[in-house]
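The chain contents come next:
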Amino acid sequence: MEKDDAFLRKLNAGKKVIAIELDSPKDADLTNYLAGAKRLQAAGADLLTIADCPIARARMDSSLVACRVHRELGLCTLPHMTCRDRNLNATKALLLGLYAEGVREVLAITGDPIPTAERDEVKNVYQFNSRKLAQYIVSLAGEGREMPSPMTVFGALNLNARNFEVELRRAGEKLENGMSGFLTQPVLSEQAVENLRRTRETLGERAKILAGIMPVVSQRNAIFMENEVNGIHVAEDIIEAFAGLDREQGEALGLEISLKMAREALPYADGFYLMTPFNRVALMERLIARLKTELLQEQ
């Protein structure tokens, strides 16, 4: 069995990588999703990441989608795995299936809590937190164990945390528990860039860090992210810059801001973690192309 994949080989060789997140469908049809993933692959994405029922609302299973994409497109995938919905047995069973399908990386996160209004019908599990989950995943590999070789575990890093000292300390603990690196929340302020610099300085080269880049596409979108989405901070001047813009103008400005943030983050990152707003694949194709030609010097 292959012990790693093209994404890991590129990352471990010191080359800058591009991971991109595309939310799985809310229904049982993968047709458009696979078409979008294929376009992003052709644009130059090294890895597709799939969130595990974000904001605790059911979508097509991230691991099943990851296996399908990997099998049909040959694209490396990183399914997110939350601690919210599965006990130890379900988690182990899923990990063994992922390994058998050739998926070699997972993102271990605690997961958003179930909305209050739905807690009578939907129950949290939380047998793990993200650090314990990472420790468990790496423990499955070794002589006499279930996996011939270890899976690579990534974690989340919130560059926008109010108490970033605590966030940075937890990042160190995550590394000690078996994580290899982090995907960060979106970089949309100078403070986020500064916290990314501190992360690199503190954790050194042992942590692989993919800087989060998410294009803002309208003022309404910016305000919603600032006020309603946990872990995201949008600088006030960015919010104001979108006033009165139509869709085309909003996308153009969002693209320029994303490139600016990526340029500032690049010295402290091993690559980028791009988040696709509203499944706008065409916008992300443009962003990947410009990252490659303007920042990564790839043709």
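Parameters at a glance
- Residues numbered from 1 in each chain as written.
- Predicted model: local features only at pLDDT ≥ 70, side-chain atom pairs only at ≥ 80, totals over all residues.
- Heavy atoms only, no water.
- Core = buried A, V, L, I, M, F, W, Y, C linked by side-chain atoms within 4.5 Å.
- Buried < 20%, exposed > 50% of the residue type's maximum accessible area, 1.4 Å probe, protein only.
- Helix = DSSP H or I, 4+ residues; strand = E, 2+ residues; numbered from the N terminus.
- Contact = heavy atoms within 4.5 Å.
- Axes fitted to C-alpha atoms, helices over the stretch in contact; angles between N-to-C directions.
- Parallel < 35°, antiparallel > 145°, perpendicular 65-115°, else oblique.
- Left-handed = near helix turned anticlockwise from the far one by under 90°.
- Nonpolar A, V, L, I, M, F, W, Y, C, P; charged D, E, K, R; others polar.
- Pairing = 2+ DSSP bridges.
- Expected span 1.5 Å × (residues − 1).
- Arc of directions from axis to C-beta.
- Phe/Tyr/Trp six-rings, centres within 6.5 Å; stacked < 30°, edge-to-face > 60°.
- Lys NZ or Arg CZ within 6 Å of the ring centre and 35° of its normal.
- Right-handed = clockwise from strand over helix to strand, strands pointing away.

**Here's the deal with the nonpolar core**
Here comes step 1: Formed by 99 residues in total, the largest nonpolar core has its most connected members in F7, L48, L95, F272 and L274.
Here comes step 2: No other element matches helix α11 (residues 281-295), which puts seven residues into this core.
Here comes step 3: In this structure L274 touches I18, A19, I20, E21, I213, M284, L287, I288 and L291, once residues within four positions along its chain are discounted.

**Comments concerning the packing of helix α7 (residues 190-203) against helix α10 (residues 247-265)**
A pair of packed helices can be characterised by two numbers: the angle between their axes and the separation between those axes.
Here comes step 1: The geometry of α7 relative to α10 is characterised by a closest axis approach of 10 Å and an angle of 25° between their N-to-C directions. Between α7 and α10, the crossing angle belongs to the class labelled roughly parallel. Handedness of the α7/α10 crossing: right-handed. Residues E190, V193 and L196 of α7 pack against K260, M261, E264 and A265 of α10.
Here comes step 2: Classifying every residue of the contact of α7 with α10 gives four nonpolar, no polar and three charged.

**As for the sheet that holds strand β6 (residues 179-186)**
Here comes step 1: Taken in spatial order, the eight strands of this closed barrel run β1-β2-β3-β4-β5-β6-β7-β8, and their pairing is parallel. For this sheet the average axis-to-axis angle between neighbouring strands, irrespective of direction, equals 25°.
Here comes step 2: Where strand β5 (residues 152-157) lies against β6, five bridges are found, and the strand directions are parallel. Paired with L157 across the strands is T184, a residue of β6.
Here comes step 3: Contacting β3 (77-82) and β4 (105-109), helix α4 (residues 88-100) runs over the sheet at an angle of about 175° to β3.
Here comes step 4: Packing against the sheet, helix α5 (residues 130-139) makes contact with β3, β4, β5 and β6, and its axis sits at approximately 150° to β4.

**Quick look at the environment of F154**
Here comes step 1: By the secondary structure assignment, F154 is in strand β5.
Here comes step 2: For F154, a relative accessible area of 2% gives the class buried.
Here comes step 3: Spatially, the C-alpha atom of F154 lies 5.7 Å from that of S180, the residues being 26 residues apart in sequence.
Here comes step 4: F154 has contacts with F7, L11, L78, E105, V106, L107, A108, M179, G181, F182, L183 and K208, leaving out every residue within four places of it along the chain.

**Some points on helix α6 (residues 164-176)**
Here comes step 1: For α6, built from 13 residues, the straight-helix expectation of 18 Å at 1.5 Å per residue is met to within 8% by its first-to-last C-alpha distance of 19 Å.
Here comes step 2: Along α6, the residues that are buried comprise F164, E167, L168, A171, G172, K174 and L175. Down the axis of α6, the smallest arc covering the buried residues is 160°, so these residues share one side. Projecting away from the buried face of α6 at angles above 90 degrees are the exposed residues E165 and E176.
Here comes step 3: Buried residues in α6 make contact with α5, β5, β6 and α7.
Here comes step 4: Note on α6: the residue one or two positions beyond its end, G178, has a positive phi of about 115°.

**With respect to the side chain of S189**
Here comes step 1: Along the polypeptide, S189 turns up in the loop between β6 and α7.
Here comes step 2: With relative accessibility at 5%, the residue S189 sits in the buried group.
Here comes step 3: With residues near it in sequence (within four places) discarded, S189 still touches N160, H233, A235 and M261.

**Points about the environment of V69**
Here comes step 1: Within the element layout of this structure, V69 appears in helix α3 (residues 62-73).
Here comes step 2: Overall, the relative accessible area of 0% leaves V69 in the buried class.
Here comes step 3: When neighbours within four sequence positions are excluded, V69 is seen to be in contact with Y33, L34, L48, G74, L75 and T77.

**Re the packing of aromatic side chains**
Here comes step 1: In this structure the tally under the stated criterion is two aromatic pairs.
Here comes step 2: Both rings, one in F128 and one in Y136, keep their centres 5.6 Å apart while their planes meet at 35°; by these two values the pair is tilted. When sorted by exposure, F128 lands in the same class as Y136, which is buried.
Here comes step 3: Over the ring of Y99 we find R104; its NZ or CZ atom is 3.8 Å from the centre of that ring.

**Some thoughts on the pairing of β6**
Every other side chain in a regular strand lies on the same face of the sheet, so the side chains alternate between the two faces.
Here comes step 1: Among the eight residues in β6, six count as buried, and that is most of the element.
Here comes step 2: Of the crossover connections in this fold, the one passing from β5 over α6 to the parallel β6 is right-handed.
Here comes step 3: One ladder, built from four bridges, connects β6 with strand β7 (residues 208-213); its direction is parallel. Among the inter-strand pairings, F182 is bridged to a residue of β7, identified as I209.
Here comes step 4: Note on the crossover from β6 through α7 to β7: the handedness is right-handed.

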